[in-house]
Every structure is written in C-alpha cells, then in structure tokens.
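# Chain and residue survey
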Amino acid sequence: MALYVSPGFSRAADAHMRLALMFKARRHWAAAAVHFRRARLAPHQDATFTRLELSFHAAHLLEARGLRKSARDAYERLLKEPSLSSSLKADVCRQLGWLFHRCASLGEPASRARAAIWCLQRAVVAEPESGAGLYLLGRCFAFQGKVHDAFVAYRNSVEKSEGNADTWCSIGVLYQQQNQPMDALQAYICAVQLDKGHSAAWTNLGSLYESCQMPRDAFACYSNGGSAATANNASLRQRLAFLRSQLAHAPMPSVTGKRRPLPSIEEAWNLPISAEMSSRAPKPAPPPYPGRAEAPPLTPAQLQTLQYLQRNAHNLSPQQQAMMQQLLSQYRLAQAARARAVAKSESSASSGDNAESLAEDLLKKFSDTQPEIKKEPVSTEPATSAPAVLGGRQAVVKLEPLNTDPTKPVTFHSAMSAKQILDACKENAGPPSSWSVLGDGLGPPEPPGVPPPRLTPDQLAPPAPFVYVESKRDAFSPQLQDFCLKHPIAVVRGLTAALKLDLGLFSTKTLVEAWPEHAVEVRTQLMQSADENWDAGGRRRVWACASHRSHTTVRKYAQYQAGSFRDSLRDERAPPSDSDAPHPKRRRHARMLRFGTNVDLSDERKWRPQLAELQKLPAFARVASAANMLSHVGHVILGMNTVQLYMKVPGSRTPGHQENNNFCSININIGPGDCEWFGVPDSYWGGVRELCDRHGLSYLHGSWWPDPDELRAHGVPVYRFTQRPGDLVWVNAGCVHWVQATGWCNNIAWNVGPLTARQYSLALERYEWNKVQNFKSIVPMVHLTWNLARNIRVSDPRLHRAMRTCLAQTLRAAAGTLAAVRARGVAVRFHGRARGEASHYCGACEREVWHALLVREHERRHVVHCLACARRAAPDLAGFLCLEEHHMDELAQVYDAFVLHRPAPHHAPAPASHASHTSHTSHTSHAPHAPQPVAAPAPD
C-alpha cells in the first residue's frame, strides 16, 4: 500500500526488499524476483542493504527455487566484484561452498568436494571471527571421512560461536560414528539445551539410546523431536509405533537391575559437562555469525537526546550539530548491523531443503529490531527544515508534493474543461498519489468479501448457462450477445457449424503442414483427475499447481501428441492386471504430461487462412472489431488482441485465473477431444483470493488449482461443464476460471472488450489494484482510454462518466509531470508516436507511462521511467530527458470533444456496420430479455 500511495518515497528500496523476502519465505518465487529487481533499481542512500547485498539475496533466491547452476553462476559473479566487503564475501563463499557440497548436478563428486572445501576455507579467511564457515567446513570434512579435520573445524567453530546447536549436533554425530557414546550423548545434550526444538539432535539422541538397548529413553527422545522430525520420515514414524507397542508390555526398569551403558535422559540433562565439552560457557547464545564488534544501540536517554536535537536542527550550536551527527551515525550503524547479522543465519546454509529460511530469518529480525518511536505531529514548518524523524527514518508513506500550495486547494472533476484543468495545474496539480484514474478522494480498490446472503447447495453448484445456435441468423442476432453479456460464463453450441467455420485449419495436421518449426511453449505437469490436485510427493491435496516451462516446435509437439494417443490405445487393448487396481500409493508415481501452450498465431503472413476464417464470427466475438475495445489499443498485445492456440493431451491444465485486466475472452475447442471447465462469478473473486491466501498462494503471481468443494464450503458458487469440439465458451468480465483437457484436442482463444460500462469499470479497477499488488497491467488502460475517446461516440452515461474521469485525471497527471520536469530544468522534446508503437512501461515499477516519458540511458539502452521512479533515482532529474508523445493542444481538443452522445429519437436505419457499432456503444451488460429464439436447455 505504501508503494501504491507513493512509489517514489525514500525508503522504497527497503519496502521492495521486505516484500521480496516475504514472497520468498512463502515460496512465491516470481513475485520475489520482481521485488529484488526493483529494490536494486531504487536509490540506496537510506537503504538497509547495499546493491551487492541485494544481488546476494537474489542469487540465494535462485538457489531456493532449485536453479542450482544459475545460483552458482550468480555467486561466482559476485566474488569477482572488486568492492565486495569481507563480510559479504564470507556469506557468498559459505553459500557457494555448501551448494557445491550438496548439489550433485554441479559436477563430479571429487571436484565438487574440492570446490566446497576451497570456498569454505575462503569464507573462514574472509571472516575469521565467525564460526559458521568452520561449522560447514567440519560438515564437509566429516562427509569425506576426514574425522580429525572435522573435529578440529567443529572445535574452532565452538570457540567462535558456542551457542550453535547445529555444531554440537554434528559433533555428537562424529562421536557416535567413532563409537564414543558418552561423548556423543553430552554433545547432543548440549545441542538440545541450546535449542529445545532441535529435531535432528533429538532424533540422533534417540538412535543412540536405541543402539544402547534403552528403548524407553529412545522413545522419549524421538517424541521430543516433535512433528517436524516425523512429518517427512516414514521410517521414524514406524520406529515410534514399534517402540510404543513394545513399551506398553515391557516391565518398568528396576533400580537393582544391571548397569546401563548410558545415563537416562533425565540424568543426562543434569550431568556436569566433561572437560572436552567445558568450553561451552553457560551464557545466552550470541546472535548467528557474530563477526566484528558492532556499534552498540542507543540508550533511551540517547534516543531522547537525538529526537530533541532533530526537532531543533535549525537552531543548534556547532557542538550540538556534531553530537546529533554522531548519535545519528551510531543509530544507523546499529540498525544496519542488527539487520545484516541475520543475513548470515546458518540455517540457510545447513538446510538443503529449506533454502528460503534465510528470508524468514531476515523478516523475523526486521520485526524484532524495529525501535519503538513515538510519532511526532505533522510539522507545518517550511520544507527546508530538518524532518522530525529519528535516525532519518521517514514515515512509511511520505507524499512528496510537486508544487503544492495547501492554501489553494483545487478540486478536480470530470465536468471541468481542458482549459480549466490545465490552468489549475499551473498552480497546483496535486501529489502524484492523487492522480488515480478512478478519481480524487478514492482509495485503491480492494477484493470484495463473499457477498451475502449465504447460497443454498443448489445455488452453489449452478448449471452452466447454455445456448444452442441453429442458423446464421441466430448467430448474428443481438439476443446472442445479450445472453453472453448477462452471464458470468456461457457455452455457445452450434455456432461454428451454423457459420460453417473450417476448424480443420487449426488442427495439428494443418499446423505441421503449414509451419512445422513454429515455436510452442511447453508446460510439464502431473497427470491428475480434474477433481484432485496433489503435491509432488502424492501425499496430500493442495491448491499449488506446479509446472515446468520449456520450449519445442509444432512438429515435435505433434509427434508427442500423436504418440500419447497411440500409447493410450495400446493401454486400452492390454488385459487388466492386479497392478492396475487403484491404490493410494500409486499417486506418488503418477505420469507426467506435456501441455503445448501459447502458440502465437498473430503473424498475418503465416496464418492468413486461419485468421480470415475467424472473420466469419459475429462482431462481438471477433478478434478485431470496432465494437471491441482491444481493437482500439493500436498495437499488438499477444494473446489478447491476437489469437493463441493450445495443443493438449488429456490432463493438460490451465490453472485458475482471471483474464488480464478483467477483459472477456473467447475460447473455441477444435477437438477431437473435450475440455472440462470450472468457473466462479466475478462478484465472488474475493472469496477465491481469501482461500488462495489461506493456502499460502499468491492470487496474481501464483499457480493454483482450486478445490470446488472447499470453494462451495466457503460460500463461493462454482460452475462446472464440458466443452465439446466446436463449442465456443464465453468468459465474461472478471470471471475466475480453470480448465483441464479430458481428451486430445486443440483450442484457440483471444480476448475481447465489449464497449460497456461494466467491462470498462472492471478493467480500470483491476488496473489500479494491480498497482497495489505490484503486478503489471498488460492492457495500457490510459492509452486505450484516449484512443477510445478519439474513435467512438458513447451514449451510455455510466461508461461516459468513467472514461471522462480517467481522461481528466490523466490530463492533469500529464500537465503536473511536465510542470515538475520543467521546474527542474529538464529539457522537454516532442517525440510523438509511431504507428503500431507499443505502449511504454516504467523500467523500475512496470506501471504504464503515458505522454511524458522520462528517459535515461542504463547499460547502453534507454530506459523509460515514470515521474516517481525518476525522482527516486535522481531528485533533481539529472541525466533524464523528457519526451512528449502528444501535443497538449491536441489532448485538450480530444478531452473537450468527448461528450455524451444523445442519438436522435427518430432516424433512418444505419448501415449494418454502423448499426452494429452503435448498438455496442450504447449497450449495457444487463440485457432485459433472454435470447428467446436461440436459448435451449443444456443436454444431459
């Protein structure tokens, strides 16, 4: 929300960093990568982390995602940086060394072992006061059977950081391997006393007791390991069950019995530590990676003094100024040190399967180290005075007005003329945060809750809206469009046959004959039934829908598709066997499938016959039409105002989503097989998002396959229906949907934007909500709105009001941006727009940049910035050039000419194309009548 309100505030780098760490901890890899990139692009005067430290965390993200080779390359690039600090160098060497130690894909075992030892030794040299590198070095030596070297490394590690339970656990393992049970016992006790939840130490201690024929103590230790120890360890669960059954019938231990080889767990807990172990001082554990001496935190009295000095910064003596600077420097150093300390957490290096724990530790450290600072009242002093904030920490949301005079508030509204808006902007355009396309005084849109009242079971599983088209006349009737616009999702059957569409043009055979080397994106997925979604291990049902991306050609995918069909026929002819019986454990070995997706059919020279065939469709369903908003964008948006084709085998899944910017979509099944569809009405999308959050998934960035029963239990209705060959599925604005192929088939799809108030408003709301979520809006709504204002007449008052508000706000933003640029002495040049030129997006925050492009050279290419990101990079805009896309006079004329069209009550019939266009511009989504001539009940 802070970044939405003011993306240019001075601590934006830290905001992006924290978002990246949160997404990383929740395994939302793509979103984390976006925020790491944006954090690196932001200025770092007040940032907690340097750009090299951010690069280290971005490399660690690659490691957490399982991209081991890419992570290795990123770490090795970092080690070549000349300005790398010794502390960061130690971090990089530790991560790289442990990566070599545990990743078989990085080379032969012998070479990996040498590389791991070499990297970890460099880490020890770079930060000799840290015990972490020594601990990992000991792990590597132990793995290679170098027991003495491992002991030496562990002992040296304990001297550096005796509070590390991992080190003591590893020492215990070495002692146990050397058949020294008493020493092993004491080492494990050290580990669990330091960390009572250390599951590995408890488990190892249990195995030690069991090897010494002490099952009661073994059972107690296994149980103390907690659920973390048994969750992914089937053999340990079986061992616990066995011991439980044995102990239920075993006699209680006798005091006079034979001497036991080890003291019981209760006795061991209170035993004095032997001389070998005595270096473990009984003091609180130091923070991970203790490193060099850091600046101590300010005392409460020093904090109070600093606050007083900052409030009176304009009236201090030289001695007081020096004192303020000294306290301020100490405060910043202490804060940075505490935040950085956790970046060296050993858990990230020592746990191969939980690499993202580095992010969790950092987030915890952030929450633990934020000082309690009393908020000062908002100052009304001139901007030249020092801010009354501690340690340079500014409010989380700091609006930076461009040329604001609070004594002259201006209310902007859509009824103003262009001259009134531009004249008002000369004095006060307002801060950029008030330039929302939704209008002044409105916060960003929020996901809606599940609307009342609670639905009945029948209402939670509604039948799919279905219409049968029998003739060409039915296909072109206005009632068909009304029917589609009236329902969240609809099946139109018979349309392609009535219009004699040659669907064979989109068959795999035709595609191979036309362009066999055309690119196909492939998603490798788990074969599952449409009702279920299991984790990769097949142990539990989840919402996360994993797939691996790769690329191939039409020819190669066609071979796979045909081979898959032949294999299926062979399996059907084979006699059944006992092994074919359903069994829960077989789910773990489910087959993988390859889904050919996003085959681009936008090139008219290559796909002329296919695109010409689609012109037979009625205007509201065509790829290009005057009544389709997306035809007014003026440039290609792949898959939206162009056709994409999908090549499927049974089980191919398109996970849950809403279309980009909530536009409607058309999907035609080419066949020969069927597809199964699920849909949720747009008014319930907030309920779907709530469940995504509950499952730890990002609604926008994640990949998820919902459980229909769970949705209905949450009060969310779910449509479910089959799309047969030739069926057209209409997905209305904002409908959440997910699809799975039940047979071998191809599908074609594209988006359309009916010229209705509902479609436009939903698109605009999602445009603003995407800003809150730091998600790129694929449709440039501002550019589109101005093109629509030039090209069409609007007779719907609601559509006109929404468009006029967007025009007024963006005209104001354009004028405000130019005023801010000129006030800083930046040159403004007219650039214009080339025919078909794509809309521009900010290279830092990925928001649409319209009219005033702030351009700066970066790595030998010119990067466009929005005003907020440009000011963040350079407050005086030094090094930037401003390019104007339009003449302001022209924009003023377009704005003033965009008035509500009131058609004459009596007029002659218009030509067919004009009539179609007019009916769309004045149509609303609430059709008064159902399509009587073409409606038919859905067949069983």
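The coordinates are above.
Now for a quick tour of the structure.

The rules behind these values
Residues numbered from 1 in each chain as written. Predicted model: local features only at pLDDT ≥ 70, side-chain atom pairs only at ≥ 80, totals over all residues. Heavy atoms only, no water. Helix = DSSP H or I, 4+ residues; strand = E, 2+ residues; numbered from the N terminus. Contact = heavy atoms within 4.5 Å. Areas by Shrake-Rupley, 256 points an atom, 1.4 Å probe, with all protein chains shown as cover. Buried < 20%, exposed > 50% of the residue type's maximum accessible area, 1.4 Å probe, protein only. Polar contact = N/O pair within 3.5 Å; in protein donor to acceptor, adjacent residues only side chain to side chain. Pairing = 2+ DSSP bridges. Axes fitted to C-alpha atoms, helices over the stretch in contact; angles between N-to-C directions. Core = buried A, V, L, I, M, F, W, Y, C linked by side-chain atoms within 4.5 Å. Disulfide = S-S within 2.5 Å. Salt bridge = Lys/Arg side-chain N within 4 Å of Asp/Glu carboxyl O. Phe/Tyr/Trp six-rings, centres within 6.5 Å; stacked < 30°, edge-to-face > 60°.

## Here's the deal with the overall build of the chain
Counting secondary structure elements, the chain contains 36 helices and 19 strands. For the chain, contacts bridging at least 24 residues in sequence account for 77% of all contacts bridging at least 6. Approximately 44,400 Å² of the chain is accessible, and the part contributed by carbon and sulfur atoms is 54%.

## Regarding the environment of Gln-610
Positionally, Gln-610 belongs in helix H28 (residues 608-614). What makes Gln-610 buried here is its relative accessible area of 3%. It is 7.0 Å that separates the C-alpha atoms of Gln-610 and Phe-506, two residues lying 104 residues apart in sequence. Those residues within four positions of Gln-610 in sequence are excluded, and the remaining contacts are Leu-505, Phe-506 and Thr-510. Here Leu-505 takes part through its backbone oxygen, which lies 3.0 Å from a polar atom of the side chain of Gln-610.

## A word on the sheet that holds strand E19 (residues 881-884)
With mixed pairing, four strands are arranged side by side in an open sheet as E14-E19-E17-E18. Since the sheet does not close on itself, it has two edges, and those belong to strand E14 (828-830) and strand E18 (861-865), each with one partner. Mean inter-strand twist for the sheet, computed between neighbouring axes without regard to direction, equals 35 degrees. Note that strand E17 (residues 852-858) and E19 share four bridges and pair antiparallel. In the sheet register, Leu-853 faces E19, and the bridge partner there is Leu-883. Its contacts with the sheet place helix H33 (residues 797-823) against E14, E17 and E19, and it is angled at close to 145 degrees to E19.

## Re the pairing of strand E2 (residues 489-493)
Judged by how many residues are buried, E2 sits mostly within the fold: five of five residues are covered. Of the two faces of E2, the one holding Ile-489, Val-491 and Arg-493 and the one holding Ala-490 and Val-492 are both buried throughout. Sheet topology note: the strand E1 (residues 466-468)/E2 ladder contains three bridges and is parallel. Residue Tyr-468 lies in a different strand from E2, and its bridge partner there is Arg-493.

## Some details on the pairing of strand E6 (residues 644-648)
Of all five residues in E6, five are buried, a share of seventy percent or more. On E6, burial covers both faces: Gln-644, Tyr-646 and Lys-648 on one face and Leu-645 and Met-647 on the other are all buried. Across three bridges, strand E5 (residues 592-600) lies against E6 in antiparallel orientation. Bridge pairing in E6 links Asp-600 to Gln-644. Summarising the sheet, E6 and strand E13 (residues 745-752) pair through five bridges and their orientation is antiparallel. The partner of Leu-645 across the bridge, within E13, is Ile-748.

## Considering the nonpolar core
Residues Tyr-75, Ile-171, Leu-185, Leu-205 and Tyr-209 are the most contacted members of the largest nonpolar core, which totals 65 residues. A per-element tally of this core places helix H11 (residues 181-194) first, with eight residues. Setting aside chain neighbours within four positions, we find Leu-185 in contact with Leu-205, Leu-208, Tyr-209, Leu-262, Pro-263 and Ala-268. Residues Tyr-767, Leu-818, Trp-850 and Val-894 belong to the second largest nonpolar core, which totals 58 residues.

## A word on the state of the cysteines
Counting across every chain of the model gives zero disulfides. Between Cys-484, a cysteine without a disulfide, and Cys-664, which holds the nearest cysteine sulfur, the sulfur-to-sulfur distance is 9.3 Å.

## Section: the pattern of salt bridges
Tallying each qualifying case throughout the model produces 23 salt bridges. With its nearest N and O atoms 2.6 Å apart, the salt bridge here joins Arg-11 to Asp-14. Since its relative accessible area comes to 18%, Arg-11 is described here as buried. A salt bridge links Glu-521 to Arg-549; its shortest N-O distance comes to 3.4 Å. Placement of Glu-521 in strand E3 (residues 519-526) and of Arg-549 in strand E4 (residues 548-553) is noted, with a sequence separation of 28 residues between them.

## Structural notes on the packing of aromatic side chains
With the rule as written, the count across this model stands at 14 aromatic pairs. For the ring pair Tyr-557 and Tyr-560, a centre distance of 5.4 Å and an interplane angle of 55 degrees mean the geometry is tilted. In this pair, Tyr-557 and Tyr-560 are both assigned in helix H27 (residues 554-573), three residues apart and thus about one turn of the helix distant. By relative accessible area, Tyr-557 is classed as buried at 1%. On the accessibility criterion, Tyr-560 (22% relative accessible area) is partly exposed. Ring geometry for Trp-677 and Phe-721: centres 6.1 Å apart, planes at 10 degrees, overall stacked. Separated by 44 residues along the polypeptide, Trp-677 in strand E9 (residues 675-680) and Phe-721 in strand E10 (residues 719-723) bring together distant segments of the chain. Judged by relative accessible area, Trp-677 falls into the buried class, the value being 2%.

## Considerations on the sheet that holds E3
Two orientations exist for strands paired in a sheet by backbone hydrogen bonds: parallel and antiparallel. If you walk across this open sheet you meet the nine strands as E1-E2-E11-E8-E13-E6-E5-E3-E4, and the pairing is mixed. Edge positions in the sheet fall to E1 and E4, since each has one partner strand and no second. Each strand axis lies, on average, 25 degrees off the axis of its neighbour in the sheet, ignoring direction. Strand contacts of H27: E3, E4, E5, E6 and E13, with the helix running at about 110 degrees to E4, the strand carrying the most contacts.

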